[in-house]
Amino acid sequence: AARASVRAQFSSPAAWAQHQDERIVLEPLGITALDPEATIAYVDSVGPEALKSVLSQAWDSLVVMVEEDEADLPSLASEFNLTLADEELGVPDDARRRGPGRLWLGAFGSIFRYWCRLDDNILWWTERGVTRRVDLDDIVVAGQFADGALALIDRQGCSDIVFPALWIRGRRLVNAIIECLPEQIVRDFSWHDNRPARDSFKAD
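Residues numbered from 1 in each chain as written. Predicted model: local features only at pLDDT ≥ 70, side-chain atom pairs only at ≥ 80, totals over all residues. Heavy atoms only, no water.

(A) Geometry of the overall build of the protein chain. Looking only at helices and strands, the protein chain features 6 helices and 9 strands. The buried share of the protein chain, taken over its 204 residues, is 31%. Across the protein chain, every contact between residues at least 6 apart in sequence was considered, and the portion connecting residues at least 24 apart equals 52%. Here the protein chain has roughly 13200 Å² of accessible surface; of this, 52% comes from carbon and sulfur atoms. (Helix = DSSP H or I, 4+ residues; strand = E, 2+ residues; numbered from the N terminus. Buried < 20%, exposed > 50% of the residue type's maximum accessible area, 1.4 Å probe, protein only. Contact = heavy atoms within 4.5 Å. Areas by Shrake-Rupley, 256 points an atom, 1.4 Å probe, with all protein chains shown as cover.)

(B) Up close: helix 3 (residues 36-45). Looking at helix 3, one finds that the buried residues are P36, T39, I40 and V43. Down the axis of helix 3, the smallest arc covering the buried residues is 100 degrees, so these residues share one side. Residues of helix 3 that are exposed and angled more than 90 degrees away from the buried face: E37, Y42 and S45. As for helix 3, its buried residues are in contact with helix 1 (2-10) and helix 2 (15-26). At the N-terminal boundary of helix 3, the capping side chain belongs to D35, with an oxygen 3.1 Å from the backbone nitrogen of E37. (Arc of directions from axis to C-beta. Polar contact = N/O pair within 3.5 Å; in protein donor to acceptor, adjacent residues only side chain to side chain.)

(C) Seen up close, the sheet that holds strand 8 (residues 159-162). Spatial strand order, 8-7-6-9: 4 strands in an open sheet with mixed pairing. Strand pairing shows two members of the sheet lacking a second neighbour, strand 8 and strand 9 (186-188), which therefore form its edges. Taking each pair of neighbouring strands and ignoring which way they run, the sheet shows an average axis angle of 25 degrees. Here 5 bridges tie strand 6 (residues 139-144) to strand 7 (residues 150-154), and the two strands are oriented antiparallel to one another. Its bridge partner lying in strand 7, Q144 is registered against L150. In the packing of helix 6 (residues 170-180) onto the sheet, contacts are made with strand 6, strand 7, strand 8 and strand 9, and the angle to strand 7 comes to roughly 35 degrees. (Pairing = 2+ DSSP bridges. Axes fitted to C-alpha atoms, helices over the stretch in contact; angles between N-to-C directions.)

(D) Expanded view of the packing of helix 1 against helix 3. The interhelical angle for the contact between helix 1 and helix 3, taken along N-to-C directions, is 175 degrees, at an axis separation of 9 Å. Put simply, helix 1 runs roughly antiparallel to helix 3. Facing helix 1, whose interface residues are R3, V6, R7 and F10, helix 3 presents P36, T39, I40, V43 and D44. Tallied by class, the residues present in the contact of helix 1 with helix 3 amount to 5 nonpolar, 1 polar and 3 charged. (Parallel < 35°, antiparallel > 145°, perpendicular 65-115°, else oblique. Nonpolar A, V, L, I, M, F, W, Y, C, P; charged D, E, K, R; others polar.)

(E) Geometry of the packing of aromatic side chains. Using the criterion set out here, one finds 2 aromatic pairs in the structure. Look at Y114 and W167: their rings are 6.5 Å apart centre to centre, the planes differ by 55 degrees, and that puts the pair in the tilted class. Taken as a pair, Y114 in the loop between strand 2 (102-105) and strand 3 (115-119) and W167 in the loop between strand 8 and helix 6 lie far apart in primary sequence, 53 residues in all. W167 carries the same exposure label as Y114, and that label is buried. In this structure, R117 packs its charged tip against the face of W124, placed 4.6 Å from the ring centre. (Phe/Tyr/Trp six-rings, centres within 6.5 Å; stacked < 30°, edge-to-face > 60°. Lys NZ or Arg CZ within 6 Å of the ring centre and 35° of its normal.)

(F) Main features of the side chain of T126. Inspection of the secondary structure puts T126 in strand 4 (residues 122-127). A distance of 2.4 Å separates a polar atom in the side chain of T126 from a polar atom in the side chain of T131. With residues near it in sequence (within four places) discarded, T126 still touches R113, Y114, W115, T131 and W167.

Okay, structure coming up:
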């Protein structure tokens, strides 16, 4: 199953674009990024015992992302002795709308409920009265989709998407966030056809 998954992933038209992203990030660190064909050949040569060995060595740092509507997460975490983490990006914070940094307000009639404030590398983000504090230094991947939406993923695997249409002057917000991030972690996600919908961002 693992081999079939890798073959499917690295045989797709987007595989070479992903490979170029990997080269940009890994080669400055002295790590050789295998091209898609070499990756498939390598995976075909790996036996089950080698795979088990790699997984067992990586278990302490393993991050597993599961769609919460598809599984009983507490039971899965207990079964595999994994810590169940908050999948939302950032941590709860009681910060107020007025404060240091630049302020953006929500569009579409949600102006008094939605706001975000960017102060250096700290993004405060409030929706439906809940504020979260996102330290942009913790972001390891930022991907911009064709419509300008920006996906942010932190080192724990937590993620969220900044939709420009949700904010007044939202494209300026996205650009301001990108300017705070290291150039090498900002990726082009415009090839991605499966960007999540904005259902969870609809105004109350």
